[in-house]
Amino acid sequence: MKLNDVYTKPLKDVVEELNLTDMKVHTDDDGEVRSIELKYEPNNHFTKGAQSCY
C-alpha cells in the first residue's frame, strides 16, 4: 500500500487491506480512546520488493 492510499482512502478501507500483526488501543482513565497503534507486515500484493522486518 502506498502512502497516498492511506491518506485518500477511508480508514475502514485501509485497515481492511492491511495485513495487521498487532493493534493497541490506548485510553484515558475515563475509558476515552486517546490513540490507536496499528502494526502490519507488508503484503507483496500492495508493496513490491518489500521485505519483512521480522
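This text follows the structure it describes.
Residues numbered from 1 in each chain as written. Predicted model: local features only at pLDDT ≥ 70, side-chain atom pairs only at ≥ 80, totals over all residues. Heavy atoms only, no water.

Novice: Tell me about the overall build of the chain, and please be specific about residues and values.
Specialist: Secondary structure summary: the chain contains two helices and two strands in total. In sequence order, the chain lays out its α and β elements as α-α-β-β. Scored against the burial criterion, the 54 residues of the chain give a buried share of 6%. By sequence separation, contacts in the chain at least 24 residues apart represent 9% of the contacts at least 6 residues apart. (Helix = DSSP H or I, 4+ residues; strand = E, 2+ residues; numbered from the N terminus. Buried < 20%, exposed > 50% of the residue type's maximum accessible area, 1.4 Å probe, protein only. Contact = heavy atoms within 4.5 Å.)

Novice: Outline the pairing of strand 2 (residues 33-40), listing residues and values.
Specialist: Note: strand 1 (residues 20-27) against strand 2, seven bridges, orientation antiparallel. Paired with His26 across the strands is Ser35, a residue of strand 2. Taken together, strand 1 and the strand that follows it, strand 2, pair antiparallel across an intervening segment of five residues, in which Gly31 is found at a positive phi of about 85°. (Pairing = 2+ DSSP bridges.)

Novice: Can you lay out a nonpolar patch on the surface for me, pointing to particular residues and giving the numbers?
Specialist: A contiguous nonpolar patch, built from Leu20, Met23, Val25, Val33, Ile36, Leu38 and Tyr40 and spanning about 610 Å² of accessible area, is present on the exposed surface. Looking at the nonpolar patch, the elements that each hand over two or more residues are strand 1 and strand 2. Here the nonpolar patch gets four residues from one element, more than from any other, and that element is strand 2. Structurally, Leu20 can be placed in strand 1. For Leu20, a relative accessible area of 33% gives the class partly exposed. (Patch = residues over 30% accessible without salt bridge, like charges linked within 9 Å, V, L, I, M, F, W, Y side chains within 5 Å. Areas by Shrake-Rupley, 256 points an atom, 1.4 Å probe, with all protein chains shown as cover. Salt bridge = Lys/Arg side-chain N within 4 Å of Asp/Glu carboxyl O.)

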